[in-house]
Amino acid sequence: MAIDNLSRYRIKLASRSPRRQQLLKELGISFEVVIKDCPETYPENLKGEEIALYVACEKASLLKHELDNYDIVIAADTIVWCNNRVLGKASGYEEAASMLREISGKTHEVITGVCLLSLSKEKSFAVSTRVTFEEMSDEEIHYYIENYRPYDKAGAYGIQEWIGYIACSRIEGSYFNVMGLPVHKLYHELHNFINAK
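In this report, the structure presented in the accompanying data block is examined.

Thresholds applied
Residues numbered from 1 in each chain as written. Predicted model: local features only at pLDDT ≥ 70, side-chain atom pairs only at ≥ 80, totals over all residues. Heavy atoms only, no water. Helix = DSSP H or I, 4+ residues; strand = E, 2+ residues; numbered from the N terminus. Buried < 20%, exposed > 50% of the residue type's maximum accessible area, 1.4 Å probe, protein only. Arc of directions from axis to C-beta. Contact = heavy atoms within 4.5 Å. Core = buried A, V, L, I, M, F, W, Y, C linked by side-chain atoms within 4.5 Å. Polar contact = N/O pair within 3.5 Å; in protein donor to acceptor, adjacent residues only side chain to side chain. Salt bridge = Lys/Arg side-chain N within 4 Å of Asp/Glu carboxyl O.

Notes on the environment of Q22
Alright, step 1. Among the structural elements, Q22 can be located in helix α1 (residues 18-26).
Alright, step 2. Overall, Q22 belongs to the partly exposed group, its relative accessible area being 37%.
Alright, step 3. Linking Q22 and P182, residues 160 residues apart in sequence, is a C-alpha distance of 12 Å.

Structure, rendered in structure tokens:
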């Protein structure tokens, strides 16, 4: 897909995340950030990928009534899935430390659901990356939380920060997905979206 093909569309990113904004900008795509408050809640029967897709589509749907013919919304939701449960955003120090202890010495999944929405169609997809962390000491966990305050991040960590350098021993899949946006898949899905009949 030539980036020029997107120039006739208005891309609206429904995300406060500075990581997502940075990644989309580095794809060379012009966009505006349009945010509606959306509770990140979901039906209890959903698991893993289903949760990320559900929340992403809910975020996108809040903008549907504001769209014009050449608008495309990109909405995303990232979760950490460990021990068959979601590790969301930590409410404070104790919850962040508990989450980091849970992923310490284990492999977990980082799943991002993405929803593309226009006036005439909707497409959603999810990408999963397996991330392995070495055992972390309480001192390392404390240092990370105190210095980086990762309360806006799923699983209470940012892979691109200090903790990723000292604890992440293996990644299977997209690194950028762990940051919050699977840009390789998004690029190709956008191409298919604008060219679909």
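A word on helix α4 (residues 138-148)
Alright, step 1. Within the sequence span of α4, burial applies to I141, Y144 and I145. The buried residues of α4 occupy one face: seen down the axis, they fall within an arc of 95 degrees.
Alright, step 2. Structurally, α4 contributes buried residues whose contacts are with α3 (93-103) and α5 (162-167).
Alright, step 3. Directly after α4, the chain includes R149, whose backbone phi takes a positive value near 40 degrees.

Considerations on the environment of L181
Alright, step 1. Checked against the element boundaries, L181 lands in the loop between α6 (175-179) and α7 (183-195).
Alright, step 2. A residue is classified by how much of its surface remains accessible, and L181, at 0% relative accessible area, is buried.
Alright, step 3. The sequence separation of L181 and T78 amounts to 103 residues, and the corresponding C-alpha distance is 8.0 Å.
Alright, step 4. Non-local contacts of L181, meaning those with residues more than four positions away in its chain, are made with R20, L23, L24, A76, F176 and L186.

Some words on the nonpolar core
Alright, step 1. Core analysis: the biggest nonpolar cluster contains 44 residues, and I74, L100, F133, Y157 and L186 have the highest contact counts within it.
Alright, step 2. With residues near it in sequence (within four places) discarded, I74 still touches I11, K12, L13, A14, L24, V114, C115, L116, L186 and L190.
Alright, step 3. The next biggest cluster of nonpolar side chains, apart from the first, holds 11 residues, and it includes V34, A60, L67 and C115.

Describing the environment of H65
Alright, step 1. Along the chain, H65 falls in the loop between α2 (49-61) and β3 (71-82).
Alright, step 2. For H65, a relative accessible area of 63% corresponds to the exposed category.
Alright, step 3. Between the C-alpha atom of H65 and that of G92, which follows or precedes it by 27 residues, the distance is 35 Å.
Alright, step 4. Among the polar contacts listed, one links the side chain of H65 to the backbone oxygen of L62, at a separation of 3.4 Å.

Some remarks on the pattern of salt bridges
Alright, step 1. Tallied over the full model, the rule gives 14 salt bridges.
Alright, step 2. K12 is the partner of E32 in a salt bridge, and the nearest nitrogen-oxygen pair spans 2.9 Å. Separated by 20 residues along the polypeptide, E32 in strand β2 (residues 32-33) and K12 in strand β1 (residues 10-14) bring together distant segments of the chain.
Alright, step 3. Between K153 and E161 there is a salt bridge; the shortest N-O distance is 3.3 Å. As far as burial versus exposure is concerned, K153 and E161 are alike and both buried.
Alright, step 4. What you see here is one network of salt bridges that share partners, running through R19, D152, K153 and E161.

Re the side chain of T112
Alright, step 1. Inspection of the secondary structure assignment puts T112 in strand β5 (residues 107-117).
Alright, step 2. Given the relative accessible area of 0%, T112 is considered buried.
Alright, step 3. Here T78 takes part through its side chain, which lies 2.9 Å from a polar atom of the side chain of T112.
Alright, step 4. Within the structure, T112 has its side chain in polar contact with the side chain of N177 (distance 2.8 Å).
Alright, step 5. For T112, the contacting residues outside a window of four places in its chain are A52, A76, D77, T78, F125, A126, V127, N177, G180 and P182.

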